[in-house]
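Observations on the three-dimensional arrangement
Okay, here's what each chain looks like letter by letter:
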Amino acid sequence: MRYRTALGAIGALPVVALIAACGGAPAAPASVQSSATGAPSTATASPSAAPQPPVVLIAQQASGTQTVLQAKDPSGSPLWSVPYPSPGPYMVAAGPRLFEVDSKAKTVSVFDRSGRSIGNGSGAGEVFSSTSAEWAWSTVDGTNPSPAANGSPVTVTGSFWVAGVGEAPHRVYQWTENDTANSLDQAYDRLVEWSDQGLVSSQPPPWSGCASGHQSGSFVVNPKTGARTDLDAISVVDVHDGLIVSAPKAADTAQSIVLSGRTSFTWADTAAPSLQPKGAYISPDGSRVAVAMLNAGCNEQPEAQTAIISVADHSVQYLSGAFAEGWLDDGNLVAQVAFDSSLPNPELDVVALDGTRHLVGSGRLVGVIRSS
């Protein structure tokens, strides 16, 4: 899912401490040999380049209002960093790119794994493609009737829009919701993720703290054709590789996580009922789901745990003292391991599935840039 951090503009500031090697060496050109008789030349293909290692992006409060975006390799070694004034635009990592969204100006800037500019474009930028320099957002276009008497039926209409670097904003889908006029949480089809299945729209999960809204259902929209596929889930958290992860809205099942799509399984943590799910993430290879849990009681010593659900056999293992914030790769998570709210820069570790861990940095995880 998405990671948003209030940061300042990257485009106007130089990248410092840039390590050129972080981008990886380009593949060598194919060698060409010609015969003396003028026969057609033959080309010897070069071996394919090895996948580039992930880049971990961490927002660290430096001093006063200063925030620094740090790029680290998986071992925690610095690659590059950029100073930011705060507050400002927020950042999201998707695939091999970093997206910077200026909600006020309604612009999006895109950068590669080395912090170099790829380009920019227009739009609100709510969800981001992992395969292209594109983004999407949802708008409310109007209500009917308008104005409407308080408590009377009203129809809300809106659209999903897509834009990109060198790609003008264009509408790809129109939605309609029926609601009650002046309701506290008006119906609104929200975009929650740009997955490998398309644009995912759903109500927010119980732990988000956002208004629940009255969205009638969850669905996926093809960003090219506008075709809609409904999802048999209430509050979708993540969609990847044919797997759907959702969280029930009912209060008595708020601690459950539901897997659907290519498997069917409902998980509830009965061993530690004081811990509640606060996030769920499908691994890049689609084999596991990490559920980050934290105790929510008042005046309690902070306690965290991450449950790892195997999609194949539904077995579950637990990582104590680790609050997962996303996957580094198929076998490692990036997790917060310090839970003192007075700390401006909590410790972030790379945590393996066997529980071993090492420090990668301190601050708030913005996201992970993976190989293209």
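Above this text you will find the structure in question.
Let me begin by describing the structure that accompanies this report.

The rules behind these values
Per chain, residues are indexed from 1 in the order of the written sequence. Two thresholds apply to this predicted model, a pLDDT of at least 70 for residue-level local features and 80 or more for giving and counting side-chain atom pairs, whereas whole-chain, interface and lining totals are computed over all residues. Values shown for side chains rest on all heavy atoms present in the structure; no hydrogens or waters enter the calculation. Put simply, DSSP H or I for four residues or longer makes a helix, DSSP E for two residues or longer makes a strand, and each gets a number counted from the N terminus. Partly exposed residues are those whose accessible area sits between 20% and 50% of the maximum for their type, while under 20% is buried and over 50% is exposed, using a 1.4 Å probe and protein chains only. Note on definitions: a residue-residue contact is assigned when non-hydrogen atoms from the two residues lie within 4.5 Å. Only the protein chains shown count as covering a residue, and every accessible area follows the Shrake-Rupley method with a 1.4 Å probe. Strand pairing is assigned whenever DSSP detects at least two bridges linking the two strands. Note on geometry: axes are lines fitted to C-alpha atoms, helical ones only across the stretch in contact, with angles between N-to-C directions running from 0 to 180 degrees. Residues belong to one nonpolar core when they are buried, are Ala, Val, Leu, Ile, Met, Phe, Trp, Tyr or Cys, and are joined through side-chain atoms within 4.5 Å. The pairing test for Phe, Tyr and Trp rings, Trp by its six-membered ring, is centres within 6.5 Å, and the orientation test on the planes gives stacked under 30 degrees, edge-to-face over 60, and tilted for anything in between. For this analysis, a salt bridge means a side-chain nitrogen from Lys or Arg found within 4 Å of a carboxyl oxygen belonging to Asp or Glu.

Right, let's get into the overall build of the chain. Along the chain, the regular secondary structure elements total zero helices and 30 strands. By residue count, 47% of the 372 residues in the chain fall in the buried class. Taking as baseline every contact in the chain between residues at least 6 positions apart, the subset at least 24 positions apart corresponds to 48%. When the accessible surface of the chain is summed, it comes to about 17,000 Å², and 52% of that surface belongs to carbon and sulfur atoms.

Attention shifts here to the environment of Tyr 318. Its place among the elements puts Tyr 318 in strand S25 (residues 316-320). Given the relative accessible area of 34%, Tyr 318 is considered partly exposed. Aside from chain neighbours lying at most four places away, what touches Tyr 318 is Trp 267, Asp 269, Met 293, Gln 305, Thr 306 and Ala 307.

What follows deals with the sheet that holds strand S11 (residues 134-144). Taken together, the four strands give an open sheet; going across it, the order is S10-S11-S12-S13, and neighbouring strands pair in antiparallel fashion. Every interior strand has two partners, whereas the edge strands, strand S10 (127-128) and strand S13 (167-180), have only one. Two elements, strand S12 (residues 153-164) and S13, share eleven bridges in a ladder whose sense is antiparallel. Across the sheet, Trp 161 pairs through a bridge with Arg 171, a residue of S13.

You can see Asp 349 is positioned in strand S28 (residues 347-352). With near-sequence residues (within four places) excluded, Asp 349 lies in contact with Leu 333, Val 334, Ala 335, Val 337, Arg 357, His 358, Leu 359 and Val 360.

Glancing now at the sheet that holds strand S7 (residues 97-102). Sheets are built from strands paired through backbone hydrogen bonds, the pairs being either parallel or antiparallel. If you walk across this open sheet you meet the four strands as S6-S7-S8-S9, and the pairing is antiparallel. Two strands bound the open sheet, and with one partner strand each, they are strand S6 (90-94) and strand S9 (117-122). Each strand axis lies, on average, 20° off the axis of its neighbour in the sheet, ignoring direction. Two elements, S7 and strand S8 (residues 107-111), share five bridges in a ladder whose sense is antiparallel. Within the sheet, the bridge partner assigned to Leu 98 lies in S8 and is Phe 111.

A separate point is the nonpolar core. Ranked by size, the top nonpolar core spans 18 residues in total, and within it Val 245, Ile 257, Leu 259, Trp 267, Val 289 and Val 291 carry the most contacts. Of all the secondary structure elements, the ones that give two or more residues to this core are strand S19 (243-246), strand S20 (256-261), strand S21 (265-268), strand S22 (275-282), strand S23 (288-295) and strand S24 (304-310). The contacts of Trp 267, once residues within four sequence positions are left out, are Gln 255, Ser 256, Ile 257, Pro 277, Val 291, Met 293, Ala 307, Ile 309, Val 316 and Tyr 318.

Right, let's get into the packing of aromatic side chains. All chains considered together, the criterion is met by six aromatic pairs. Ring geometry for Phe 99 and Trp 135: centres 6.3 Å apart, planes at 75°, overall edge-to-face. Taken together, the residues Phe 99 in strand S7 and Trp 135 in strand S11 connect sequence positions 36 residues apart. Note on Phe 99: relative accessible area 0%, which makes it buried. Overall, the relative accessible area of 0% leaves Trp 135 in the buried class. Seen from their ring centres, Trp 175 and Tyr 188 are 5.8 Å apart, and the 85° between their planes marks the pair as edge-to-face.

With that settled, the discussion passes to the pattern of salt bridges. Inspection of the entire model under this criterion finds five salt bridges. The salt bridge involving Glu 134 is made with Lys 224; its shortest N-O contact spans 3.6 Å. With Glu 134 in strand S11 and Lys 224 in the loop between strand S16 (218-221) and strand S17 (228-231), the pair connects residues that are 90 residues apart, well separated along the chain. With a closest N to O distance of 3.8 Å, Arg 171 and Asp 141 form a salt bridge. Placement of Arg 171 in strand S13 and of Asp 141 in strand S11 is noted, with a sequence separation of 30 residues between them. A residue is classified by how much of its surface remains accessible, and Asp 141, at 40% relative accessible area, is partly exposed.

As judged from the two bridges shared by S10 and S11, these two strands associate in the antiparallel manner. The residue of S11 that forms the bridge with Phe 128 is Trp 135. Between S10 and S11, which pair antiparallel and follow one another directly, the connecting turn spans five residues. The pairing of S11 with S12 spans ten bridges and is classified as antiparallel. Paired with Val 140 across the strands is Gly 158, a residue of S12.

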